[in-house]
Amino acid sequence: MDPRARMAYQCFGDVVTFDTTYHTNKYDMPFAPFTGVNHHFQSIQFGCALLQDETEVTFMWLFSTWLQAMGGCPPVSIITDQDPAMKAAISKVVPHLIKVHH
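None of these values were measured; they are calculated from a predicted model.

Student: Which residues make up the overall build of the protein chain, and what are the values?
Tutor: Helix and strand counts for the protein chain stand at three helices and five strands. Taken over the C-alpha atoms alone, the protein chain extends approximately 35 × 30 × 25 Å along its principal axes. Taking all 102 residues of the protein chain together, 37% fall into the buried category. Of the roughly 6,100 Å² of accessible surface on the protein chain, 60% is carried by carbon and sulfur atoms. Positive and negative side-chain charges of the protein chain, numbering 6 and 9 respectively, have mean locations separated by a distance of 6 Å.

This is how it looks when you write it as structure tokens:
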């Protein structure tokens, strides 16, 4: 994470969207962006990763590592898709988080 992403997360990280793209890049790996919205209603990036797979273990590692990089402060809520591995990992890493599935 760069300092701008951390600062943006401190200001606008109460709601985070997280969803993976499925093998749409040249590395044929899932791309996982953490995104929010600033006070100008612009999308802002809080971080991202290329993942080896979309298993619960991988998502647990990703969420734990990302939260550590963000100073250990979880968002109030996260908007995700209904991927079972993703849902299970979020529930284990941040059990009190409000989860909204689209």
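Moving on from the coordinates now.
Student: Can you tell me about the pattern of salt bridges, naming the residues and giving the values?
Tutor: Tallied over the entire structure, the rule returns one salt bridge. E56 is the partner of K92 in a salt bridge, and the nearest nitrogen-oxygen pair spans 2.5 Å. Of this pair, K92 sits in helix α3 (residues 84-93) while E56 sits in helix α2 (residues 56-69), and the two are 36 residues apart along the sequence. Assessed through its relative accessible area of 25%, E56 is described here as partly exposed.

Student: Now, about unusual backbone geometry: what can you tell me, with residues and values included?
Tutor: Even without glycine at this site, F41 takes up a positive phi of about 60°. Tracing the chain through its elements places F41 in the loop between β2 (31-37) and β3 (43-50). Relative accessible area serves as the criterion here: at 76%, F41 is assigned to the exposed category.

Student: Help me get a handle on empty space enclosed by the protein, residues and values and all.
Tutor: In this approach a probe as big as a water molecule rolls over the atoms, and the regions it shows empty are the leftover space. Considering all chains together, one arrives at one cavity of 30 Å³ or more under this definition. By volume, the largest cavity is sized at about 60 Å³. Forming the walls of the largest cavity are F34, F63, W66, L67, P75, I78, I90, V93, V94 and L97. Those elements that place two or more of their residues in the lining of the largest cavity are α2 and α3. Of the residues contributing to the lining of the largest cavity, the split by class is 10 nonpolar, no polar and no charged.

The rules behind each value
Residues numbered from 1 in each chain as written. Predicted model: local features only at pLDDT ≥ 70, side-chain atom pairs only at ≥ 80, totals over all residues. Heavy atoms only, no water. Helix = DSSP H or I, 4+ residues; strand = E, 2+ residues; numbered from the N terminus. Buried < 20%, exposed > 50% of the residue type's maximum accessible area, 1.4 Å probe, protein only. Areas by Shrake-Rupley, 256 points an atom, 1.4 Å probe, with all protein chains shown as cover. Lys, Arg positive; Asp, Glu negative; His and termini not counted. Charge placed at Lys NZ, Arg CZ, Asp CG, Glu CD. Salt bridge = Lys/Arg side-chain N within 4 Å of Asp/Glu carboxyl O. 1 Å grid on protein atoms, 1.4 Å probe; cavity = no way out; pocket = protein on both sides within 12 Å on 5 of 7 lines; lining within 4 Å. Points joined across faces, edges and corners; volume = space filled by probe spheres on them. Nonpolar A, V, L, I, M, F, W, Y, C, P; charged D, E, K, R; others polar.

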